[in-house]
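Next come the chains, spelled out residue by residue.
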Amino acid sequence: YYYRYATKIRPNDARMWCAMGQCYEHEHLAMDNEAIRCYRRAVEYNDREGIALHKLAKLHGKLGHKDAAAHFFSRNLERLEQENNAEGPEAVEALAYLGTHSKDTGNLAEAEQYFTRLLDFGGPAKEDAKALLREIRSVLQQQTTAVAADPAGMVSPGAMTASPG
């Protein structure tokens, strides 16, 4: 109630929209679509704390909106880089999601770039990135071999995409 009132008396304040979004996001309400609307408003009103982009990325990912999640993870990563703060858990999460999304959509070169950046971080993210890079490089090697074996360029279109999973 109080946050709803706060958004009415300060409709251009991104902090109020983030607070309202967090209320909607709470496990007892689980009103994710309403939370998304609030976080979009926060972005619209220049969320200086950077909460809204990360929340939008996570909510869209939770709801299975993969392209939208990738869009907001990318925007959040850009924001973190502009602030010289692309070394924390938000950056790791964004790089991992963007790498996986790129791989799943067949953009292996882009996925390789994201996973290579994850090698600079420690912990499980680094180990996951190593495994995914090996997989990507194996697929790229197979593609190169297939093209070399068929110099006329008659490689089937399905041979040029990564297998999901």
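Residues numbered from 1 in each chain as written. Predicted model: local features only at pLDDT ≥ 70, side-chain atom pairs only at ≥ 80, totals over all residues. Heavy atoms only, no water.

Asks: Mind showing me how you'd approach the packing of helix H4 (residues 51–62) against helix H5 (residues 66–82) here?
Replies: When two helices pack together, you describe them by how their axes are tilted relative to each other and by the distance separating the axes. Where H4 contacts H5, the two axes come as close as 8 Å, and the packing angle between them is 155°. Taken together, the axis directions place H4 and H5 in an arrangement best described as roughly antiparallel. In this structure, H4 meets H5 at a crossing whose hand is left-handed. Two secondary-structure elements touch here, H4 through Leu53, His54, Leu56, Ala57, Lys58, His60 and Gly61 and H5 through Ala68, Ala69, Phe72, Phe73, Arg75, Asn76 and Arg79. (Axes fitted to C-alpha atoms, helices over the stretch in contact; angles between N-to-C directions. Helix = DSSP H or I, 4+ residues; strand = E, 2+ residues; numbered from the N terminus. Parallel < 35°, antiparallel > 145°, perpendicular 65-115°, else oblique. Left-handed = near helix turned anticlockwise from the far one by under 90°. Contact = heavy atoms within 4.5 Å.)

Asks: When you look at the pattern of salt bridges in this model, what are you seeing that I'm missing?
Replies: Close approach of charged atoms allows side chains with opposite charge to pair. Scanning the model with the defined rule gives 13 salt bridges in all. Ionic pairing is found between Lys58 and Glu93, a salt bridge with its closest N-O pair at 3.5 Å. Highlighted residues: Lys58 in helix H4 and Glu93 in helix H6 (residues 89–104), separated in sequence by 35 residues. We note a salt bridge from Glu90 to Arg79, for which the minimum N-O separation is 3.2 Å. Here the residue Glu90 occupies a position in helix H6, and Arg79 occupies one in helix H5, the gap between them amounting to 11 residues. (Salt bridge = Lys/Arg side-chain N within 4 Å of Asp/Glu carboxyl O.)

Asks: Just to check I follow, could you spell out the packing of helix H2 (residues 14–25) against helix H3 (residues 32–44) for this structure?
Replies: Remark: H2 packs on H3, axes separated minimally by 8 Å, with the N-to-C direction vectors making an angle of 165°. By the angle between their directions, the pair H2 and H3 is classed as roughly antiparallel. Read as a crossing pair, H2 and H3 show a hand that is left-handed. Mapping the contact onto sequence places Ala14, Trp17, Cys18, Met20, Gly21, Gln22, Tyr24 and Glu25 in H2 and Glu34, Ala35, Cys38, Tyr39, Arg41 and Ala42 in H3. Residues that form the contact of H2 with H3 fall into these classes: 9 nonpolar, 2 polar and 3 charged. (Nonpolar A, V, L, I, M, F, W, Y, C, P; charged D, E, K, R; others polar.)

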